[in-house]
Amino acid sequence: MRILIEAHHPAHIHFWKFPVRELLGRGHDVLMIGRDRDVMYRLLKKYDWIPHIIPTQSSRNNRIPVLEFTRRQVAVARCIRKFKPTTVCSLMGSYAQTAGLAGIRNVIFTDSEFQHFNHRIAHPFATEIHTPYCFYKELGPKQIRYKGIHELAFLHPDHFQPDPSVLKKYPGLEPGRFVLVRLSAWNTMHDRHHMGVGEALAGFIGKAATTYRIVLSAEENRVPESLRQHVMSFAPEDFHQILSRAAFLLSEGASTAAEGACLGIPTVYINSTEPRGYLEMLEQGYGLVRGFQDAAAGIKATQRWIEELNEEERARLHASSQKMLENHIDVTDYVVKVLEGSNA
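Conventions we followed
- Residues numbered from 1 in each chain as written.
- Predicted model: local features only at pLDDT ≥ 70, side-chain atom pairs only at ≥ 80, totals over all residues.
- Heavy atoms only, no water.
- Helix = DSSP H or I, 4+ residues; strand = E, 2+ residues; numbered from the N terminus.
- Rg over C-alpha atoms; globule rule 2.2 N^0.38 Å.
- Buried < 20%, exposed > 50% of the residue type's maximum accessible area, 1.4 Å probe, protein only.
- Contact = heavy atoms within 4.5 Å.
- Areas by Shrake-Rupley, 256 points an atom, 1.4 Å probe, with all protein chains shown as cover.
- Salt bridge = Lys/Arg side-chain N within 4 Å of Asp/Glu carboxyl O.
- Axes fitted to C-alpha atoms, helices over the stretch in contact; angles between N-to-C directions.
- Parallel < 35°, antiparallel > 145°, perpendicular 65-115°, else oblique.
- Left-handed = near helix turned anticlockwise from the far one by under 90°.
- Nonpolar A, V, L, I, M, F, W, Y, C, P; charged D, E, K, R; others polar.
- Core = buried A, V, L, I, M, F, W, Y, C linked by side-chain atoms within 4.5 Å.
- Pairing = 2+ DSSP bridges.
- Right-handed = clockwise from strand over helix to strand, strands pointing away.
- Phe/Tyr/Trp six-rings, centres within 6.5 Å; stacked < 30°, edge-to-face > 60°.
- Lys NZ or Arg CZ within 6 Å of the ring centre and 35° of its normal.

**Let's talk about the overall build of the protein chain**
Tallying secondary structure elements over the protein chain gives twelve helices and twelve strands in all. Computed over the C-alpha atoms, the radius of gyration of the protein chain is 20 Å, within 12% of the 20 Å expected from 2.2 N^0.38 for a compact globule of 344 residues. Taken along the three principal axes of its C-alpha coordinates, the protein chain extends 60 × 40 × 40 Å. Relative to its 344 residues, the protein chain shows a buried fraction of 55%. Sequence-distant contacts in the protein chain: of pairs separated by 6 or more residues, those separated by 24 or more amount to 61%. For the protein chain, the accessible area works out to roughly 15,200 Å², and carbon and sulfur atoms hold 51% of it.

**Focus: the pattern of salt bridges**
What the rule picks out here adds up to twelve salt bridges. For Asp29, the salt bridge identified is with Arg2, shortest N-O distance 3.1 Å. Here the residue Asp29 occupies a position in strand S2 (residues 29-33), and Arg2 occupies one in strand S1 (residues 2-6), the gap between them amounting to 27 residues. Look at Asp29 and you get partly exposed, because its relative accessible area is 38%. Classification of Arg2 as partly exposed rests on a relative accessible area of 29%. Where Arg145 meets Glu138, a salt bridge forms, and the shortest distance between an N and an O atom there is 3.1 Å. By relative accessible area, Arg145 is classed as partly exposed at 32%. Owing to a relative accessible area of 63%, Glu138 belongs among the exposed residues under this scheme. Where salt bridges share partners, they join Glu22, Arg26 and Glu340 into one cluster.

**With respect to the packing of helix H6 (residues 200-208) against helix H10 (residues 295-308)**
Remark: H6 packs on H10, axes separated minimally by 10 Å, with the N-to-C direction vectors making an angle of 15°. Between H6 and H10, the interaxial angle falls into the category roughly parallel. For the crossing formed where H6 meets H10, the hand is right-handed. Contact with H6, carried on its side by Ala200, Gly203, Phe204 and Lys207, involves Ile299, Thr302, Gln303, Ile306 and Glu307 of H10 and no other residues of that element. Within the contact of H6 with H10, the residues separate by chemical class into four nonpolar, three polar and two charged.

**Digging into the nonpolar core**
The biggest cluster of nonpolar side chains holds 91 residues, and the ones touching the most others in it are Trp16, Phe109, Leu201, Phe204 and Leu282. For Phe109, the contacting residues outside a window of four places in its chain are Phe15, Trp16, Ser90, Leu91, Met92, His130, His150, Tyr334, Val335, Val338 and Leu339. In this structure, Ile33, Cys79, Phe83 and Ala96 belong to the second largest nonpolar core, which totals twelve residues.

**Describing the pairing of strand S6 (residues 128-132)**
In terms of burial, S6 is a largely internal element, five of the five residues being buried. Sheet topology note: the strand S5 (residues 105-109)/S6 ladder contains three bridges and is parallel. Residue Val107 lies in a different strand from S6, and its bridge partner there is Glu128. The parallel pair S5 and S6 is bridged by helix H5 (residues 116-122), and the resulting crossover is right-handed. Pairing analysis gives four bridges linking S6 to strand S7 (residues 143-146), with the strands arranged parallel. Pairing of Ile129 across the sheet is with Gln143, part of S7.

**Here we look at the packing of aromatic side chains**
If you walk through the whole model with that rule in mind, you get nine aromatic pairs. With 5.7 Å between their ring centres and 50° between their planes, Phe15 and Phe109 make a pair best called tilted. Of this pair, Phe15 sits in helix H1 (residues 10-25) while Phe109 sits in strand S5; the two residues are 94 residues apart in sequence, bridging distant segments of the chain. The two residues Phe15 and Phe109 agree in class, both being buried. One aromatic cluster is present, formed by Phe15, Trp16 and Phe109 through successive ring pairs. The lysine or arginine in question, Lys147, covers the ring of Tyr133, its NZ or CZ lying 5.1 Å from the ring centre. Taking NZ or CZ as reference, Arg182 lies 5.4 Å from the ring centre of Phe239, over its face.

Honestly, it's all geometry; don't read function into it.
This is the structure:
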């Protein structure tokens, strides 16, 4: 088989990296279309088994991306013409309409219910749309549900194990002695009129910093000058290792919140956009994450949870994360079977 993967966000590389390695090992031809971003270059260099090309990107403005959307479509069409794939696959399907128009099998994996516009423009061109079983939106007869979430394509214990040596690369980071704060860029069209922690962040950090080291990780380096002392730069391929050793996670990003939950890290998610089914499952089913649309309520809950953390609570979180893993599939295995056309 010849499989073309459209990946336009660095996080997509994490989802695809292990399925790609397995597909290559089974003798399939694979090509990934990356995006002109420094983090994506770094990850593709690290995961050097992923065959890829990165079309030149003329603009990094995602808020009104009409021109870049068109150029991306053209780039995907050119790859289809040259690579001649038997299957095109992507997360969300944003730029893979050409595959459907060309009569090529077009497989979409999506987990974000609130991407209404994207669903309207992409799903009519899909052959199959695979979603987690906890995805609460009905997408029609093309939808196929599976017992997993995206993050288990790379954080399932068959593929990820904490490596304590990674922290040695970052002086001052001690296991269980730092709080990781993940801020989103808020620069895409669907982010308009929404927010995360906002101005409440400074007060939270001022209080939490008396007990823990604060590590700020921000997309597009979106951090107020007064808080830049807490920003830590680290290699993107080390992010999940660092997360796995954190005492606590406060995240504006839904995917990062799910990652923390999968790793058994107490996690608060603050974001005013629509709920995600996978986060509701992790919260209501396992108590691994607590989500808030209101920043003030979220910060209050974060401060209270941090104060309540003790050995008993951490043991509960560990047991819950293990139960969650036992109840879900290895998503890498599922993705490979889907792309090979076997019964997943």
